[in-house]
Structures are given as structure tokens and as C-alpha cells.
Amino acid sequence: GTEMSTTRPHKQVEQEHDAQRRREFMHAILADLRALERMIQEQRFETGVRRIGAEQEMFLIDATWGPAPGALQILSRLKDEHFTTELGMFQLEANCDPQPLAGDGLSRLEKQLDELVDKARSAANEFEMQPILMGILPTMRKSDLGLHNMVPSPRYQTLSRVMHDLRDGKFE
């Protein structure tokens, strides 16, 4: 069968369990930070045009307003690069296209955001779920926050292992 990607290609990491891979992963993060520092020092960012972008995180809920772990099902239905996973199986993220921070740029951003949320609502409805825009889902329980509800992305699994190792297994 065809295996669906659980995250965008630039967020993928190898799923390896040894310390060498974790060190390589941390070195890659540090290399990215050094590259960002160099870009800032060398003024390699676009100038003259100011742009704005937005991402909208959504919780997926069921009929009882409890977290509904259906992110991968909904993403497979959406088939839209504007959507990606978040850490939890009950979360989605929609990313708007950058718009000029002038003229009707903010209106275009709002229009696209409304369209993306509507698209997520339609897809979620097919699975008897609903996306809601909320900072913290008040119906979430501690039992909802286990590894069983983490998106099975090698990136998130590696981050979890690194945190586990850094804290000697003592973190919640």
C-alpha cells in the first residue's frame, strides 16, 4: 500500500533509535540556526516589499466537544498543501500564502483563511468531526495527551526521544 506522509517534506527526519542519529539531528538544527544568523548578518532577506503570512491552528472535536484524533484522515481528504499536522492527532494547521502588507493584502489573507477553515470544516464533517479555533481546548484531559495521540511523524518521534533523553525520562 501507499504510505501517506504525516508532515511536510522539509519537516521529515529519519526514524532511527541510536544516539548517533539524535546527535546528527541536533547538529542539523544548530546548522540551521547558524545559517539563519549568517543570513541576518549578510542581510540576505528580501527588502523593499513587506509581506505578512498567517497560520491557523485548529482543534478537531467530536459530537461531545472532546478531542477527536482524526488529523490524518482529514489531511488525506483535503489533499491541500496549505494544511499540515501539528503535534496532536486532534489538531490541524492551515498555512496562508504570504501577502503584501499593503493595499488589500490583509483582506486577501482573511479571505484565504476563511476559505481554508471552511474547507477543513467540510472535510471534518465527513468524519463526524468539527474543527474549532481555540487556544486551549477546555474538554481535553491529561489522558488525551499521551504518545497514542501524537502524530506518528518521525520528526515528532525524534523530538520526543530527544526530550526524553535530555530529561532522563522525567518529563510530562
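Residues numbered from 1 in each chain as written. Predicted model: local features only at pLDDT ≥ 70, side-chain atom pairs only at ≥ 80, totals over all residues. Heavy atoms only, no water.

Asker: Please provide a residue-by-residue account of the layout of surface pockets, values included.
Answerer: Size it by volume and the largest pocket reaches roughly 550 Å³. Lining the largest pocket are 20 residues, and of these Leu87, Leu145, Gly146, Leu147 and Met150 lie nearest its centre. In terms of residue count, the dominant contributor to the lining of the largest pocket is helix α4 (residues 154-166) (five residues). For the lining of the largest pocket, the class distribution of residues is 10 nonpolar, six polar and four charged. (1 Å grid on protein atoms, 1.4 Å probe; cavity = no way out; pocket = protein on both sides within 12 Å on 5 of 7 lines; lining within 4 Å. Points joined across faces, edges and corners; volume = space filled by probe spheres on them. Helix = DSSP H or I, 4+ residues; strand = E, 2+ residues; numbered from the N terminus. Nonpolar A, V, L, I, M, F, W, Y, C, P; charged D, E, K, R; others polar.)

Asker: Tell me what's going on with the side chain of Glu93, and back it up with residues and numbers.
Answerer: In this structure, Glu93 sits in strand β4 (residues 91-95). Overall, Glu93 belongs to the buried group, its relative accessible area being 4%. Side-chain polar atoms of Glu93 contact the side chain of Asn95, separated by 3.0 Å. Not counting chain neighbours up to four residues away, the residues in contact with Glu93 comprise Glu55, Gln56, Glu57, His82, Phe83, Thr84, Thr85 and Glu86. (Buried < 20%, exposed > 50% of the residue type's maximum accessible area, 1.4 Å probe, protein only. Polar contact = N/O pair within 3.5 Å; in protein donor to acceptor, adjacent residues only side chain to side chain. Contact = heavy atoms within 4.5 Å.)

Asker: Let's hear about unusual backbone geometry: which residues, and what values?
Answerer: Even without glycine at this site, Gln43 takes up a positive phi of about 50 degrees. Its place among the elements puts Gln43 in the loop between α1 (19-41) and β1 (51-52). On the basis of relative accessibility, which here comes to 69%, the residue Gln43 falls in the exposed class. Although it is not a glycine, Lys79 adopts a positive phi angle of roughly 45 degrees. In this structure Lys79 comes out as exposed when scored by relative accessible area, which is 73%.

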